[in-house]
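Structure at a glance
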Amino acid sequence: MAVVGQGSPMLLRNHALSFPLLFILVLFFSAPGFSVEPVGMPSSEKPGETAPAQVTEAEINADIEVILGKLKSFQEAENEKTAVSMGLSLAQLKERTEKAQETLSFYNRQLLALKKAEVLSGEKNVLEQEVSTGKAFEIPQLPPYSLKIYDDAVASLGESLSRKETAQMSIALSEKILKNARQRLKEAEFQLRELKTESAAAKENGVAVAARQGKLALGQVEVALARAGLRYGELAYKNGLTKLEIAEIKILVAQERVSHIRTNLHFDAEDLEKQLLQIEEKKAELQKTSDELLKKLQKTEIALLRSQKKYEKISDENEKVQAKAELEALEAWRQAGQRGLEQNEGLQQLLNDQKEVWQQRYELLRGGAKGSDLKMWQKGAVSRVERLQQALALEQSQQGSLHIRISLVEKQLAQEDMSWEVKGNVRDQLEALKKLSESSMAYLTTLNVSSQMSSRFVDEVSEVLAENIFEEKLAALGANIKAGWKFELMVVDDQSVTVGKIGIALFLLIFGIVLAGYFARAVQHHVLPRTRLSESSSAITEKLLYYLILCIVVLVSMKVVNIPLTAFAFLGGALAIGVGFGGQKIISNFISGFILMAEQPVKVGDLIQMADIVGKIEDIGARSTRVRTFANIHVLVPNSYFLENNIINWTHSDKIIRGDVTVGVVYGSPIQEVRKLLLLAVRTHEETLESPNPYVFFNDFGDNSLVFTIYFWITVQLINDKKRIESDLRFIIDDMFHEAGLVIAFPQRDVHLDIASPVQVEMLRASAQQTSLEVEQDKGVSGSV
């Protein structure tokens, strides 16, 4: 029997390797550069990385002859006697026969795969030749091309893309099958080697040898099956690659054709009328069909009603079975009629959709559609595609249920104990179901065509919108500005107050203010000096004239834009209520809030100091400002307070502030070393700034110490950043001074004893730890006795 592996096919005549051949294989496998992967370990080899085995039809036919002979001998050996002699069970012998039949099936599939490979190779060669000569890109019709030709070319492109996707899925599946087949072959060969080793070791025991030989035969059949499956998988994988190459060539050809047709596309009013006329003819045919279906449905319902009454009066069981079959047949025809009418109505709606798409495509090609129309068309087409996809899914589901019903009726018709009257009614029911299936398939086809047409139209509109993206953005910007200009802010006395009206009013108001000031100054300089009014009266007159003109300008501007005075009536009421309830402070704080937000002497995030309160501004409201202190306490400060009092703003212009740490060292300390260590401590901290440079002041010769202050600059983000950094620096300074042997001073006092008689001094023995502690306590304290 011929067995194909990953190399050249080897013919194993006796199902076992002879010793010389085993010796040669051992030498080959132990050659440098050759490695065998242990069974069960993941293989790094991917399908397609190694060339599939080259096998011919003659070799496969030879293998088939061998396996046929063995299959015959296996079938003859299926008896208890042979099973006992081989040390196997009868079930194991039958399993051996089944595996041989499966192996034969793989050989037959290999022949089919070889023939398919020849066909695919021929098709690929023809395509490549036509592409090289340019014949593949030729279009039978001459330009200009109609939309029908363009749609056919796009449909051909879609079909090629679908075939490519199918080929890719087939290749992915073949890769998985190949991986499993290689693993199966590895395991089968490993098991066969183990069985051969055990068989050689068990020669002394006759029963054991027979059992091992039987298992060895099963192992050989398993290896042959695994090799046959692997070879078929390799052939199928190679055919998949060829299919993918063919699909890619066809896609290239289809894309070139679509591009050429689109460049020479022409669609005039005559073509449009032709398409619309065809649609109207189809609608007329559908209407005629609907009328016929309606008449048949009425007759069917009458017959169904008559049959139901007849069925209720029958008492004989046989007649009742026959009447029930007649009822089911009539019910099937009634359902077919009703469903047919519904589908005809749906088809008419689909034809209306197609008519609309044709008209919109004509306008699109003419270039007469505006951007707003294109967007509206695109939105409608997308909605239509979604609706058609849902209808497709529903119709496919119903079609599946209908096929199940047809299958059940066909099984019922195959029963032999059925009378010819009942069988006739069942056939009638089956005919009705098949008729319904045919009409459903036609409806499905039209649904699919309409969906593809709408999807194609969406792509066409999207391409046109993409080409005119700049114009579309400008148009969208203009539309947004226009919509914003007409945006309605409020309605007063049935009159709308829009953003545009407010804008015009502001423009007139600003222009009027400038004009009022100019006119008032002109009156003051040229008119009032000629009168006998005093200087103060002239000033008052100039002010009154200015405010009078200003009021007139405000009223005129409001009248021009048609803003009623009642729109501002609430201000008078608010002022009156505010004055009545002491709202003077509230209005003061309210206005102060706007001043704070405009001038920004303080702003959100600033660190401020008010008297003895230091905190961070979190919010500036209409009446008060919220400040969070170091203790995480919120203080609500009236807005007017910031304008009427002195406020220290640490972060008004920036967040850089100066910090300082003061330290005293004992007299006699090296002051230059102290200065050096203080600067080093500041530069060590990562949050201090290098610029401005830190500096050290020798502040004073204190009572108990030499006093130094180090000044440095930091960037604060939180309230306690300054205190935290100063605390960190004190830790660092203490560590550095301790390492350098510098002593941070503490208060010292000289004690003088003024006594008349000597003081008795007694020396006591103490532990070393106690003595060291007393010495530390007495440091810096001097006294004279």
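Reading the values: rules and limits
- Residues numbered from 1 in each chain as written.
- Predicted model: local features only at pLDDT ≥ 70, side-chain atom pairs only at ≥ 80, totals over all residues.
- Heavy atoms only, no water.
- Helix = DSSP H or I, 4+ residues; strand = E, 2+ residues; numbered from the N terminus.
- Expected span 1.5 Å × (residues − 1).
- Buried < 20%, exposed > 50% of the residue type's maximum accessible area, 1.4 Å probe, protein only.
- Arc of directions from axis to C-beta.
- Phe/Tyr/Trp six-rings, centres within 6.5 Å; stacked < 30°, edge-to-face > 60°.
- Lys NZ or Arg CZ within 6 Å of the ring centre and 35° of its normal.
- Salt bridge = Lys/Arg side-chain N within 4 Å of Asp/Glu carboxyl O.
- Axes fitted to C-alpha atoms, helices over the stretch in contact; angles between N-to-C directions.
- Parallel < 35°, antiparallel > 145°, perpendicular 65-115°, else oblique.
- Left-handed = near helix turned anticlockwise from the far one by under 90°.
- Pairing = 2+ DSSP bridges.
- Contact = heavy atoms within 4.5 Å.
- Patch = residues over 30% accessible without salt bridge, like charges linked within 9 Å, V, L, I, M, F, W, Y side chains within 5 Å.
- Areas by Shrake-Rupley, 256 points an atom, 1.4 Å probe, with all protein chains shown as cover.
- Lys, Arg positive; Asp, Glu negative; His and termini not counted.
- Charge placed at Lys NZ, Arg CZ, Asp CG, Glu CD.
- Nonpolar A, V, L, I, M, F, W, Y, C, P; charged D, E, K, R; others polar.
- pLDDT = per-residue confidence, 0-100.
- Core = buried A, V, L, I, M, F, W, Y, C linked by side-chain atoms within 4.5 Å.

Re helix H2 (residues 57–76)
With 20 residues, H2 should cover 28 Å at 1.5 Å per step; its first-to-last C-alpha distance of 29 Å lies within 8% of that length. The set of residues buried in H2 consists of Ile60, Asp63, Ile64, Ile67, Lys70, Leu71 and Phe74. An end-on view of H2 places all buried positions within 140° of arc, on one side of the element. Of the exposed residues in H2, the ones pointing more than 90 degrees away from its buried face are Ala58, Glu65, Lys72 and Glu76.

What to know about the packing of aromatic side chains
Inspection of the entire model under this criterion finds seven aromatic pairs. Relative to Tyr232, the ring of Phe106 lies with its centre 6.1 Å away and its plane at 45°, an arrangement referred to as tilted. In this pair, Phe106 is assigned in helix H4 (residues 90–133) and Tyr232 in helix H6 (residues 206–263), connecting sequence segments 126 residues apart. Judged by its relative accessible area of 22%, Tyr232 is partly exposed. Ring geometry for Phe698 versus Phe701: centroids 5.1 Å apart, planes at 55°, classification tilted. Overall, Phe701 belongs to the exposed group, its relative accessible area being 58%. Sitting over the ring of Tyr311, Lys320 keeps its end group 5.4 Å from the ring centre. One cation-aromatic arrangement involves Arg361 over Trp358; the distance from NZ or CZ to the ring centre is 5.3 Å.

Regarding unusual backbone geometry
Among all residues save glycine, negative phi is the norm, and among peptide bonds the norm is trans. In this model, Pro143 is joined to Pro144 through a cis peptide bond whose omega is 5°. Tracing the sequence through the fold places Pro144 in the loop between H4 and helix H5 (147–201). Cis rather than trans, the peptide bond between Ser691 and Pro692 has omega equal to 0°. Counting through the fold element by element, Pro692 comes out in the loop between helix H17 (671–684) and strand E11 (695–701).

Details of the pattern of salt bridges
Counted by the stated rule, this structure contains 23 salt bridges. When the shortest N-O distance is used, the salt bridge between Asp151 and Arg456 registers 3.3 Å. A residue pair is termed long-range when its members are at least 10 positions apart, and Asp151 in helix H5 and Arg456 in helix H10 (residues 420–467) qualify at 305 residues. Take Arg456: its relative accessible area is 12%, and that puts it in the buried class. For the salt bridge of Arg626 with Glu618, the shortest nitrogen-to-oxygen distance reads 3.4 Å. Using a relative accessible area of 25% as the deciding quantity, one classes Glu618 as partly exposed. The structure contains a network of salt bridges with shared partners spanning Glu95, Lys99, Arg184 and Glu222.

With respect to the packing of helix H8 (residues 317–366) against H10
Two elements in contact, H8 and H10, have axes separated by 8 Å at closest approach and are oriented at 15°. What the angle tells us is that H8 and H10 run roughly parallel. For the element pair H8 and H10, the recorded crossing hand is left-handed.

Description of the pairing of E11
Relative to strand E12 (residues 706–715), E11 runs antiparallel, the two sharing six bridges. Across the sheet, the residue bridging to Phe701 is Leu706, located in E12. In sequence, E11 turns back onto E12 through a hairpin of four residues.

Digging into the sheet that holds E12
If you trace the three strands from one edge of the open sheet to the other, you get E10-E12-E11, paired in antiparallel fashion. Each end of this open sheet is capped by a strand with a single partner; those strands are strand E10 (656–665) and E11. The sheet shows a mean angle of 25° between the axes of neighbouring strands, taken without regard to direction. Along the sheet, H17 makes contact with E10, E11 and E12, crossing E12 at roughly 20°. Each of E10 and E12 is contacted by helix H18 (residues 721–740), which is oriented at about 35° to E10, the strand it contacts most.

Let's talk about a positive patch on the surface
A cluster of basic residues, Lys295, Lys296, Lys299 and Lys435, forms a positive patch on the protein surface. Ranked by residues supplied to the positive patch, first place goes to helix H7 (residues 269–313) with three residues. As for its position among the elements, Lys296 is in helix H7. Classification of Lys296 by relative accessible area gives exposed; the value is 56%.

Quick word on the packing of H7 against H8
Running from amino to carboxyl end, H7 crosses H8 at an angle of 165°, the nearest separation of the two axes being 8 Å. As judged from the angle between their axes, H7 and H8 are roughly antiparallel. Every pair of crossing elements has a handedness; the one defined by H7 and H8 is left-handed. Class assignment of the residues belonging to the contact of H7 with H8 gives a composition of 20 nonpolar, 15 polar and eleven charged.

Remarks on the pairing of strand E6 (residues 613–620)
Pairing between strand E5 (residues 607–610) and E6: four bridges, direction antiparallel. Pairing of Gln609 across the sheet is with Val614, part of E6. Hairpin connection from E5 to E6: two residues lie between these consecutive antiparallel strands, with Ala611 at a positive phi of about 55°. Relative to strand E7 (residues 624–629), E6 runs antiparallel, the two being bridged by five bridges. Its bridge partner lying in E7, Ile620 is registered against Thr625.

Describing the confidence of the model for the chain
Confidence in the prediction of the chain, expressed as mean pLDDT, is 78, and 81% of residues score 70 or more. When mean pLDDT is compared element by element in the chain, E12 scores highest at 92, while strand E2 (residues 10–11) scores lowest at 33. Within the model, pLDDT remains below 50 along residues 1–51, and this stretch shows 64 contacts once partners closer than five positions in the same chain are excluded. Across residues 775–785 the pLDDT falls below 50, and counting only partners more than four positions away or on other chains, this stretch makes twelve contacts in the model.

Examining the sheet that holds E6
Spatially, five strands are ordered E8-E7-E6-E5-E9 in an open sheet, and the strand pairing comes out antiparallel. Single-partner strands in this sheet number two, and they are strand E8 (634–638) and strand E9 (648–649).

Section: the nonpolar core
Counting 38 residues, the largest nonpolar core has Ile261, Trp358, Leu374 and Phe457 as the members making the most contacts within it. With nine residues, H10 is the single largest residue contributor to this core. Once you skip the residues sitting within four places of it in the chain, Leu374 turns out to touch Leu364, Ala369, Val461, Val464 and Leu465. Ranked by size, the runner-up nonpolar core spans 24 residues in total, among them Val665, Leu679, Val716 and Leu742.

Description of H18
With 20 residues, H18 should reach 28 Å at 1.5 Å per residue; the first-to-last C-alpha distance of 28 Å fits that figure. All buried positions along H18 are accounted for by Asp721, Ile725, Glu726, Leu729, Ile733, Met736 and Phe737. What you see down the axis of H18 is that its buried residues fit within an arc of 125°, all on one side. Pointing more than 90 degrees away from the buried face of H18 are the exposed residues Lys723, Phe731, His738 and Glu739.

Description of the environment of Leu607
Relative to the helices and strands, Leu607 is located in strand E5. Among the residues examined, Leu607 registers a relative accessible area of 3% and is labelled buried. On a C-alpha basis, the gap between Leu607 and Val627 in space is 9.1 Å, while along the polypeptide they are 20 residues apart.

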